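Chain by chain, the residues:
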Amino acid sequence: MAERKLLVLFGSQTGTAQDTAERIGREAARRHLHCRVEALDSCDLANLIHEPLVVFVCATTGQGDPPDNMKMFWRFLFRKNLPPGALCQLDYAVLGLGDSSYPKFNFVAKKLHKRVLQLGGNPLLPVALGDDQHDLGPDAVVDPWLVALWDKILALYPLPPGLEIISPDTRLPPKYTLHYLPEDSPAPESDLQPTAPRAVPCELHPFAAPVVSNQRLTAQSHFQDVRLIEFDVTGSGITFSAGDVVMIQPQNCPEDVQQFCQLLRLDPDKRFVLKPTEPGTSLPPLLPQPCTIRHLVTHYLDISCVPRRSFFELLSYFSTNELEREKLQEFSSAQGQEELYSYCNRPRRTTLEALWDFPHTTCAIPADYLLDLIPRIRPRTFSIASSMLAHPDRIQIIMAVVQYKTRLSKPRRGLCSTWLASLNPEQGDVRVPLWVKKGGMKFPADPATPVIMIGPGTGVAPFRAAIQERVAQGRRGNCLFFGCRQKSKDFHCQAEWEELVAKGFLTLFTAFSRDQEEKVYVQHRIRENRRLVWELLSSGNAHVYLAG
């Protein structure tokens, strides 16, 4: 009988596609299939030609772009020299996750489906197009599609004699088990080496950059707290140009970590090593071995994210309290999605807050399941707001501290911006794990090409990098449209722009929307200066950039 094995490959930007891929992995385990779930870029593509059965789960980002963790796969798949029958042994299915309010709805999934078909693959089902705009979210498409998928797969790979599908009432084993170490075993090395790493920093090997300064740009009386933060990247090997982005790995605040440990009755100082349940499962990168519970909760588990449906599904298995179990089962059912949306997504309730609401269940969660239950903290992306030509060995960002109200009594706070804003370099050596990636903006190589930049609010960040870079190269055709509420409160980097205007390096147009009776925005200033804009475009071949 053919080997019953399934490979689930995902391309995920925010974690939804990964969450769905892991759900398919769990459903495969219930059907006794040997299943691996991997990011598309971590899979050895040369081996794809030997895989009999693959399910692709992929999101579409931006303007029809593939997520970061499938970019290499994407380039490989569209190579001209791949022979037409390369994947003729492959049975496959493609599940797309997108948002129909964007013009290129599920573009990546559609294109992937078509390309694998071209290469000889045999589709088990038509491509599924999950839509965030649907009342029930992507699950409205995903749920029925998965029912059809398992019918197809079990027809090709029937259950071995004597085996039944594992009932949904039975809890599956965890992905890893935690093995606690005795108190007196040697302490682990520090998790962030301040010394320069050998390779250029990346997600798996970030650089621990000292914070040099953390300065508030907006007036104290202004409702929004915007920071200019500077990092020292001396010796890191990091290089970048205008338009590039810095990735920052945030951490949970000590109060939340303490609360989480108390709720789950965990000793934060306990040390453990992780062992995979299934041989061949790789350990999570970025977690030291051995590791403390405190490190796991501070640096790895995203206890401040809004929990997904799969969180409540797994939680229901631990519940010893009938009322709590019924509610958790409702939240994880297809019928309960609207109620889950108003409980979680609309008020932006965090995982930690949800655990508070189910106290009997929470204190019964086995530590082994923590990594199945709670996703890892994802890095955050910031436009770099400085140029290496003006500030060598430094990276600066302009960041608004995220805070807003929902119907919950406690204000919602952004994990990364709240953490960064709290760092005070005057209180000793404060470090932030970071690395740099190519951004979506490329500024013209020809020094004679003028540049029109439209950057209201913190959207001005990448243009500050571009203007610093171009001024250092002696380029004068820089035109900036900047907008904010009030000249006296949130005119970011005012002195810097005014100095460049005085020196003839910058043409600046400002729109302060609340400084007069009628509101004035950047589009009004563009219309007022339409002759200049048209002249730059028509005879100067100017490039136009817009950032929000």
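Residues numbered from 1 in each chain as written. Predicted model: local features only at pLDDT ≥ 70, side-chain atom pairs only at ≥ 80, totals over all residues. Heavy atoms only, no water.

- The name given to the chain in an unreviewed UniProt entry is NDOR1 oxidoreductase, and the organism recorded there is Tachuris rubrigastra.
- You can read under Subcellular location (unreviewed entry) in the UniProt record for the chain the words "Cytoplasm".
- On record in UniProt, under Subunit (unreviewed entry), the comment for the chain is "Interacts with CIAPIN1; as part of the cytosolic iron-sulfur (Fe-S) protein assembly (CIA) machinery. Interacts with DCPS." (UniProt positions renumbered as here; feature names shortened; annotations may be inferred.)

## Quick look at the sheet that holds strand β20 (residues 506–512)
Moving on, step 1. Spatial ordering of the open sheet is given by β20-β19-β18-β21, a layout of four strands whose pairing is parallel. At either end of the open sheet lies a strand with only one pairing partner, and these are β20 and β21 (543–546). Taking the axes of each pair of neighbouring strands and ignoring which way they run, one obtains an average angle of 15° across the sheet.
Moving on, step 2. Strand contacts of helix α14 (residues 461–472): β18 (451–454), β19 (478–484), β20 and β21, with the helix running at about 155° to β18, the strand carrying the most contacts.
Moving on, step 3. Along the sheet face, helix α18 (residues 530–538) touches β18, β19, β20 and β21 and points at about 135° away from the line of β18. (Pairing = 2+ DSSP bridges. Helix = DSSP H or I, 4+ residues; strand = E, 2+ residues; numbered from the N terminus. Axes fitted to C-alpha atoms, helices over the stretch in contact; angles between N-to-C directions. Contact = heavy atoms within 4.5 Å.)

## A look at the packing of aromatic side chains
Moving on, step 1. By the definition in use, this model includes 13 aromatic pairs.
Moving on, step 2. Between Phe56 and Tyr92 the ring centres are 6.5 Å apart and the planes differ by 70°, which places this aromatic pair in the edge-to-face class. Remark: Tyr92 occurs in strand β4 (residues 91–98) and Phe56 occurs in strand β3 (residues 53–59); sequence separation between them is 36 residues. Here Phe56 matches Tyr92 in class, with each residue buried.
Moving on, step 3. Through pairs of rings, three or more aromatic residues link up here, namely Phe311, Phe312, Phe331, Tyr343 and Phe358.
Moving on, step 4. Here the basic side chain of Lys111 rests over the ring of Phe78, its NZ or CZ set 4.9 Å away from the ring centre.
Moving on, step 5. Note that Lys270 overlies the ring of Tyr180, its terminal NZ or CZ placed 4.7 Å from the centroid. (Phe/Tyr/Trp six-rings, centres within 6.5 Å; stacked < 30°, edge-to-face > 60°. Buried < 20%, exposed > 50% of the residue type's maximum accessible area, 1.4 Å probe, protein only. Lys NZ or Arg CZ within 6 Å of the ring centre and 35° of its normal.)

## Description of the UniProt feature "domain: FAD-binding FR-type" (unreviewed entry) in the chain
Moving on, step 1. Mapped onto this numbering, the UniProt entry gives "domain: FAD-binding FR-type" (unreviewed entry) at residues 204–444.
Moving on, step 2. As annotated, residues 204–444 comprises 29% helix and 21% strand, and the C-alpha atoms at either end are separated by 32 Å.

## Remarks on unusual backbone geometry
Moving on, step 1. Cis geometry marks the peptide bond from Gln289 to Pro290; its omega dihedral reads -10°.
Moving on, step 2. One can find Pro290 in the loop between β11 (271–276) and β12 (291–292).
Moving on, step 3. The phi dihedral of Arg265 is positive, around 55°, even though this residue is not glycine.
Moving on, step 4. Here Arg265 shows up in the loop between α5 (254–263) and β11.

## What to know about the nonpolar core
Moving on, step 1. Ranked by size, the top nonpolar core spans 40 residues in total, and within it Phe260, Leu296, Leu301 and Phe312 carry the most contacts.
Moving on, step 2. If we ignore the near neighbours within four places in the chain, the residues touching Phe260 are Leu266, Val297, Leu301, Ile303, Leu352, Leu355, Leu370 and Ile374.
Moving on, step 3. Met453, Val471, Trp497 and Ala547 belong to the second largest nonpolar core, which has 29 residues in total. (Core = buried A, V, L, I, M, F, W, Y, C linked by side-chain atoms within 4.5 Å.)

## Regarding the packing of helix α1 (residues 16–30) against helix α7 (residues 309–318)
Moving on, step 1. Running from N to C, α1 and α7 cross one another at 40°; their axes reach a closest spacing of 10 Å. Compared by their axis directions, α1 and α7 come out oblique. Residues Asp19, Arg23, Arg26 and Arg30 of α1 lie in contact with α7, whose contacting residues are Arg309, Ser310, Glu313 and Tyr317.
Moving on, step 2. For the contact of α1 with α7, the per-class residue count stands at one nonpolar, one polar and six charged. (Parallel < 35°, antiparallel > 145°, perpendicular 65-115°, else oblique. Nonpolar A, V, L, I, M, F, W, Y, C, P; charged D, E, K, R; others polar.)

## As for the packing of α7 against helix α8 (residues 322–331)
Moving on, step 1. Running from N to C, α7 and α8 point in directions that differ by 145°, and their axes come no closer than 8 Å. Crossing angle aside, the handedness with which α7 passes α8 is left-handed. Within the contact between the two elements, α7 uses Arg309, Phe312, Leu315 and Ser316 and α8 uses Arg325, Leu328, Gln329 and Phe331.
Moving on, step 2. Residue composition of the contact of α7 with α8, grouped by class: four nonpolar, two polar and two charged. (Left-handed = near helix turned anticlockwise from the far one by under 90°.)

## Notes on the pairing of strand β8 (residues 207–216)
Moving on, step 1. Of the strand pairs in this sheet, β8 and strand β17 (residues 431–437) are connected by four bridges, and their pairing is antiparallel. Following the sheet pairing, Ala208 is matched in β17 by Pro433.
Moving on, step 2. Both β8 and strand β9 (residues 226–232) contribute to a ladder of five bridges, which runs antiparallel. Bridged to Asn214 within β9 is Ile229.

## Quick notes on helix α4 (residues 139–156)
Moving on, step 1. Compared with the 26 Å implied by 1.5 Å per residue over 18 residues, the 25 Å span of α4 between its first and last C-alpha is a close match.
Moving on, step 2. Among the residues of α4, those classed as buried are Asp139, Val142, Asp143, Trp145, Leu146, Leu149, Trp150 and Ile153. (Expected span 1.5 Å × (residues − 1).)

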